[in-house]
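As a plain string of letters, each chain reads:
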Amino acid sequence: MSTPGTPVIGVLALQGDVREHLIALAAADAAARPVRRPEELAEVDGLVIPGGESTTISKLAHLFGVMEPLRERVRAGMPVYGTCAGLIMLAEKILDPRSGQETIGGIDMIVRRNAFGRQNESFESAVAVTGVEGGPVEGVFIRAPWVESVGAEVEVLAEHDGHIVAVRQGTALATSFHPELTGDHRVHALFVDMVRAARSEGARVSAP
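Now for a look at the structure at hand.

Glancing now at the side chain of Ser125. Looking at where Ser125 falls in the secondary structure, it is placed in strand 7 (residues 123-127). The exposure class assigned to Ser125 is buried, which follows from its relative accessible area of 16%. The residues touching Ser125, leaving out its near neighbours within four places in the chain, are Val137, Glu138, Gly139, Phe141 and His160.

Okay, here's the thing in structure tokens:
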């Protein structure tokens, strides 16, 4: 059970590196739990969509009945953070979608899948991320997408080799890379702060 000051943050546990995100969120002072079904989604203050395979995640989201509830909560302002495949899931448009591939949406961006190359072309690089203090984070890029373009409401937080690799729009955050694999929890701490701020704003709005 979380305390009143501890945000409850889910990790979409359909595929991908769920455990690593749960550990990183707990290290950033959140109450972290896996989410697979609509009733579990309804109990969290924010959600992380992990890396994996974006087509598989979208198909499993439909299979578990969570795709439409996800879209509704993101549209309603639930804080959400997507890494790698999660970034693709938050895009409004994919340049090269696979047949039947769908997204949740939430960030006005166009993304390219596997833009940095295949699995054997994975790499690590220091990435300076706006809003993350203490110097660059170590970005792990695994079959990573990049953001081709963004809308006027989207803030670009980081680039690598001239390509956008981290963005934010309101309560939605996304990175092409995997901070959960590095032991550096500063990006997760940024997201936890976003969830806290959204909870505080919601409390103010609902106060008489």
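In this section: the pattern of salt bridges. Working definition: two side chains of opposite charge can pair if their charged atoms are close together. Tallied over the full model, the rule gives eight salt bridges. Among the ionic pairs, Arg33 bridges to Glu43, the shortest N-O distance being 3.4 Å. Residue Arg33 is found in strand 2 (residues 31-35), and its partner Glu43 is found in the loop between helix 2 (38-41) and strand 3 (46-49); the two are separated by 10 residues along the sequence. Residue classification places Arg33 among the partly exposed residues on the basis of a relative accessible area of 31%. Since its relative accessible area comes to 51%, Glu43 is described here as exposed. With a shortest N-O distance of 3.3 Å, Arg199 and Asp45 are connected by a salt bridge. Taken together, the residues span a long stretch of sequence, with Arg199 in helix 6 (residues 186-206) and Asp45 in the loop between helix 2 and strand 3 at a distance of 154 residues. Taken together, the salt bridges that share partners define one network made up of Glu68, Arg71 and Glu102.

Summed over all chains, the structure comprises six aromatic pairs. A centroid spacing of 5.7 Å and a plane angle of 70° characterise the contact between Phe116 and Phe123, whose relative ring orientation is edge-to-face. Centroid distance Phe116 to Trp146: 5.0 Å. Interplanar angle 85°. Geometry classified as edge-to-face. Of this pair, Phe116 sits in the loop between strand 6 (107-112) and strand 7 while Trp146 sits in strand 9 (residues 146-150); the two residues are 30 residues apart in sequence, bridging distant segments of the chain. The class for Phe116 is buried, based on a relative accessible area of 15%. Grouping aromatic residues by their ring pairs yields a cluster made of Phe116, Phe123, Phe141, Trp146 and Phe177.

Another point: helix 1 (residues 18-27). Buried within helix 1 we find Val18, His21, Ala24 and Leu25. Each buried residue of helix 1 sits inside an arc of 130° when the element is viewed along its axis, so together they form one side.

In this structure, the largest pocket spans a volume of roughly 230 Å³. Residue lining of the largest pocket: 16 residues in total, with Gly51, Gly52, Glu53, Cys84 and Ile142 positioned closest to the centre. Within the lining of the largest pocket, the residues separate by chemical class into five nonpolar, seven polar and four charged.

Along helix 4 (residues 67-75), the residues classified as buried are Met67, Leu70, Arg71 and Val74. With its buried residues spanning 100° around the axis, helix 4 presents them on a single face. Buried positions along helix 4 lie against strand 1 (8-12), helix 2, strand 3, helix 3 (54-63), strand 4 (80-83) and helix 5 (85-89). The first or second residue beyond helix 4 is Gly77, which carries a positive phi of 105°.

Cut-off values and rules
- Residues numbered from 1 in each chain as written.
- Predicted model: local features only at pLDDT ≥ 70, side-chain atom pairs only at ≥ 80, totals over all residues.
- Heavy atoms only, no water.
- Helix = DSSP H or I, 4+ residues; strand = E, 2+ residues; numbered from the N terminus.
- Buried < 20%, exposed > 50% of the residue type's maximum accessible area, 1.4 Å probe, protein only.
- Contact = heavy atoms within 4.5 Å.
- Salt bridge = Lys/Arg side-chain N within 4 Å of Asp/Glu carboxyl O.
- Phe/Tyr/Trp six-rings, centres within 6.5 Å; stacked < 30°, edge-to-face > 60°.
- Arc of directions from axis to C-beta.
- 1 Å grid on protein atoms, 1.4 Å probe; cavity = no way out; pocket = protein on both sides within 12 Å on 5 of 7 lines; lining within 4 Å.
- Points joined across faces, edges and corners; volume = space filled by probe spheres on them.
- Nonpolar A, V, L, I, M, F, W, Y, C, P; charged D, E, K, R; others polar.

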